[in-house]
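# Tertiary structure, described
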Amino acid sequence: MRVVDIEALLPRARTPRDYLDLVTDPRVDQDGLHTLARSPYSFVRLAIAKDIRTSPATLTELLLGEFDQWDRNYLLRLVAQHPQADRVVLLKVLHATEVLLRQSGARPYGVAIALASRHELAPHEVRRAHRLPGASRRMRRGVERALARRQ
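As a starting point, this report considers the structure included with it. (Residues numbered from 1 in each chain as written. Predicted model: local features only at pLDDT ≥ 70, side-chain atom pairs only at ≥ 80, totals over all residues. Heavy atoms only, no water.)

What the protein chain contains, in helices and strands, is 10 helices and zero strands. Reading the secondary structure of the protein chain in the N-to-C direction produces α-α-α-α-α-α-α-α-α-α. For the protein chain, the C-alpha atoms occupy an extent of roughly 50 × 30 × 20 Å along the three principal directions. For the protein chain, the residues scored as buried account for 46% of the 151 residues in total. Counting only contacts in the protein chain whose residues sit at least 6 apart along the sequence, the fraction spanning at least 24 positions is 60%. Summed over its atoms, the accessible surface of the protein chain is roughly 8400 Å², and 53% of this surface lies on carbon and sulfur atoms. Of the side-chain charges in the protein chain, 26 are positive and 17 negative, and the distance between the mean point of each set is 10 Å. (Helix = DSSP H or I, 4+ residues; strand = E, 2+ residues; numbered from the N terminus. Buried < 20%, exposed > 50% of the residue type's maximum accessible area, 1.4 Å probe, protein only. Contact = heavy atoms within 4.5 Å. Areas by Shrake-Rupley, 256 points an atom, 1.4 Å probe, with all protein chains shown as cover. Lys, Arg positive; Asp, Glu negative; His and termini not counted. Charge placed at Lys NZ, Arg CZ, Asp CG, Glu CD.)

Here you go:
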């Protein structure tokens with residue numbers, strides 16, 4: 001579905017809810033979701049990250065968007081758990097997680113644990129986060145448990 005088609009599906013008087021409703025509209029395909037991934041509404045972009053139809057390219061697009069700290073952590077966890085996320089996408093999430101672990105108070109612990117459960121990433125890649133300043137003991141234990149469950 002092209003941008004023009006997305007516009008045709010929206011009512012004349014649009015609300016943010018109309019954009020959110022498009023995410024689950026069966027007439028919207030992966031191209032349409034990719035277009036919606038550029039939405040100014042973070043809740044629309046988070047809904048796209050939850051949608052099973054979202055392609056790896058769209059997941060990457062979502063990672064480029066602006067989010068507040070809470071939504072950024074949530075987005076990263078959603079993408080880390082997404083069944084369509086391939087190795088390339090997961091490495092981008094891992095990099096973003098490492099950046100956050102270097103910042104004071106970011107706490108992307110759930111993201112690190114979700115990444116550890118993904119077979120596309122090698123254990124040594126995920127364990128790099130252990131040495132970063134923001135890594136808590138609880139996060140490290142969670143990562144190790146997730147890695148152990150993979151085997």
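What follows picks up the thread again.
Counting residues in hydrophobic clusters, the biggest one holds 45 residues, and the most contacted among them are Leu36, Ile48, Leu75, Val93 and Leu115. Elements supplying a minimum of two residues to this core: helix 2 (16-23), helix 3 (30-36), helix 4 (42-50), helix 5 (56-63), helix 6 (69-81), helix 7 (87-101), helix 8 (109-116) and helix 10 (137-150). At six residues, helix 7 tops the list of elements feeding residues into this core. For Leu115, the contacting residues outside a window of four places in its chain are Ala80, Leu90, Val93, Leu94, Thr97, Leu121, Val126 and Arg150. (Core = buried A, V, L, I, M, F, W, Y, C linked by side-chain atoms within 4.5 Å.)

What follows deals with the packing of helix 4 against helix 5. Here helix 4 crosses helix 5 at 150°, and the two axes come no closer than 10 Å. Helix 5 is crossed by helix 4, and the crossing has left-handed handedness. Each of Arg45, Ile48 and Ala49 in helix 4 lies in contact with helix 5, whose residues at this interface are Thr58, Leu59 and Leu62. Residues that form the contact of helix 4 with helix 5 fall into these classes: four nonpolar, one polar and one charged. (Axes fitted to C-alpha atoms, helices over the stretch in contact; angles between N-to-C directions. Left-handed = near helix turned anticlockwise from the far one by under 90°. Nonpolar A, V, L, I, M, F, W, Y, C, P; charged D, E, K, R; others polar.)

One can find Glu98 in helix 7. In contact with Glu98, other than residues within four places in its own chain, are Glu125, Arg128 and Leu132.

The subject of this paragraph is helix 8. If you check which residues of helix 8 are buried, you get Val111, Ala112, Ala114, Leu115 and Ala116. Looking at the packing, one finds that the buried side of helix 8 touches helix 6, helix 7, helix 9 (123-127) and helix 10.

Evaluation of the coordinates by the stated rule reveals eight salt bridges. A salt bridge links Arg87 to Glu125; its shortest N-O distance comes to 2.6 Å. Here the residue Arg87 occupies a position in helix 7, and Glu125 occupies one in helix 9, the gap between them amounting to 38 residues. The closest approach of N and O atoms between Arg118 and Glu120, which form a salt bridge, is 2.9 Å. (Salt bridge = Lys/Arg side-chain N within 4 Å of Asp/Glu carboxyl O.)

Bringing helix 7 into the picture now. Each full turn of the α-helix corresponds to 3.6 residues, which orients residues three or four apart in the same direction. Taking 1.5 Å per residue, 15 residues should reach 21 Å; helix 7 reaches 21 Å between its end C-alpha atoms and fits that length. Those residues of helix 7 that fall on the buried side of the exposure criterion are Val89, Leu90, Val93, Leu94, Thr97, Glu98, Leu100 and Leu101. Next to the buried residues of helix 7 lie helix 5, helix 6, helix 8, helix 9 and helix 10. (Expected span 1.5 Å × (residues − 1).)

This next bit is on the side chain of Arg72. Of note, Arg72 is situated in helix 6. Glu66 provides the closest opposite charge to the buried, unpaired Arg72, separated from it by 5.7 Å. Residues within four places of Arg72 in sequence aside, it is in contact with Leu63, Gly65, Glu66, Phe67 and Leu100.

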